[in-house]
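Examining the three-dimensional arrangement
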Amino acid sequence: MTLSDLIWTRDYWRRPYSTTQVAELLGISHSTVIRLIETGELPARRTSLRGKWQIPRPAVHERLRCTVCHRCGKCQRT
């Protein structure tokens, strides 16, 4: 199953992170998390029209792994 297929499953959205939690985990600012969401680099959904963002755990964990390993070719840190 690819990531794009997984995004639409119920398990992918189980216990999502908030933008504040993601900022702390990735060691970046809250505004950077919002920018990553708005540019599509980090999948997220809103709880309502003007609600809080929810970021799926697998997407954050993949980004954490990516910043540590530096081998996937997608990492922005070198």
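Residues numbered from 1 in each chain as written. Predicted model: local features only at pLDDT ≥ 70, side-chain atom pairs only at ≥ 80, totals over all residues. Heavy atoms only, no water.

1. Describing the overall build of the protein
- Helix and strand counts for the protein come out as 4 helices and 2 strands.
- The secondary structure elements of the protein, listed N-terminal to C-terminal, are α-α-α-β-β-α.
- Approximately 5,800 Å² of the protein is accessible, and the part contributed by carbon and sulfur atoms is 52%. (Helix = DSSP H or I, 4+ residues; strand = E, 2+ residues; numbered from the N terminus. Areas by Shrake-Rupley, 256 points an atom, 1.4 Å probe, with all protein chains shown as cover.)

2. Details of the confidence of the model for the protein
- Looking at the protein, the pLDDT average stands at 78 and 67% of residues meet or exceed 70.
- Mean pLDDT across the elements of the protein ranges from a minimum in helix H1 (residues 3-6), with 56, to a maximum in helix H3 (residues 30-38), with 94. (pLDDT = per-residue confidence, 0-100.)

3. A closer look at the nonpolar core
- Core analysis: the largest hydrophobic core is formed by 11 residues, namely Tyr17, Val22, Ala23, Leu26, Val33, Leu36, Ile37, Leu42, Ile55, Ala59 and Val60.
- For this core, the secondary structure elements donating two or more residues are helix H2 (19-26), H3 and helix H4 (57-69). (Core = buried A, V, L, I, M, F, W, Y, C linked by side-chain atoms within 4.5 Å. Buried < 20%, exposed > 50% of the residue type's maximum accessible area, 1.4 Å probe, protein only.)

4. Things to note about the environment of Ala23
- Here Ala23 shows up in helix H2.
- Placed 11 residues apart in sequence, Ala23 and Ile34 show a C-alpha to C-alpha distance of 9.4 Å.
- Ignoring anything within four residues of it in the chain, the contact list for Ala23 reads Ile28, Ser29, His30 and Val33. (Contact = heavy atoms within 4.5 Å.)

5. Here's the deal with the packing of aromatic side chains
- For the coordinates displayed, the defined rule picks out 0 aromatic pairs.
- Over the face of the ring belonging to Tyr17 we find Arg57, whose NZ or CZ atom lies 4.1 Å from the ring centre. (Phe/Tyr/Trp six-rings, centres within 6.5 Å; stacked < 30°, edge-to-face > 60°. Lys NZ or Arg CZ within 6 Å of the ring centre and 35° of its normal.)

6. Considerations on H3
- Three or more residues of H3 are buried, namely Thr32, Val33, Ile34, Leu36 and Ile37.
- With its phi angle positive at about 85°, Gly40 sits one or two positions after the end of H3.

7. Notes on the environment of Arg15
- Its place among the elements puts Arg15 in the loop between H1 and H2.
- Along the sequence, Arg15 and Pro56 sit 41 residues apart, while their C-alpha atoms lie 7.4 Å from each other.

8. Topic: the packing of H2 against H3
- Running from N to C, H2 and H3 point in directions that differ by 105°, and their axes come no closer than 8 Å. With respect to each other, H2 and H3 are oriented roughly perpendicular. Note on element contacts: H3 touches H2 through His30, Val33, Ile34 and Ile37, opposite Thr19, Thr20, Val22 and Ala23. (Axes fitted to C-alpha atoms, helices over the stretch in contact; angles between N-to-C directions. Parallel < 35°, antiparallel > 145°, perpendicular 65-115°, else oblique.)

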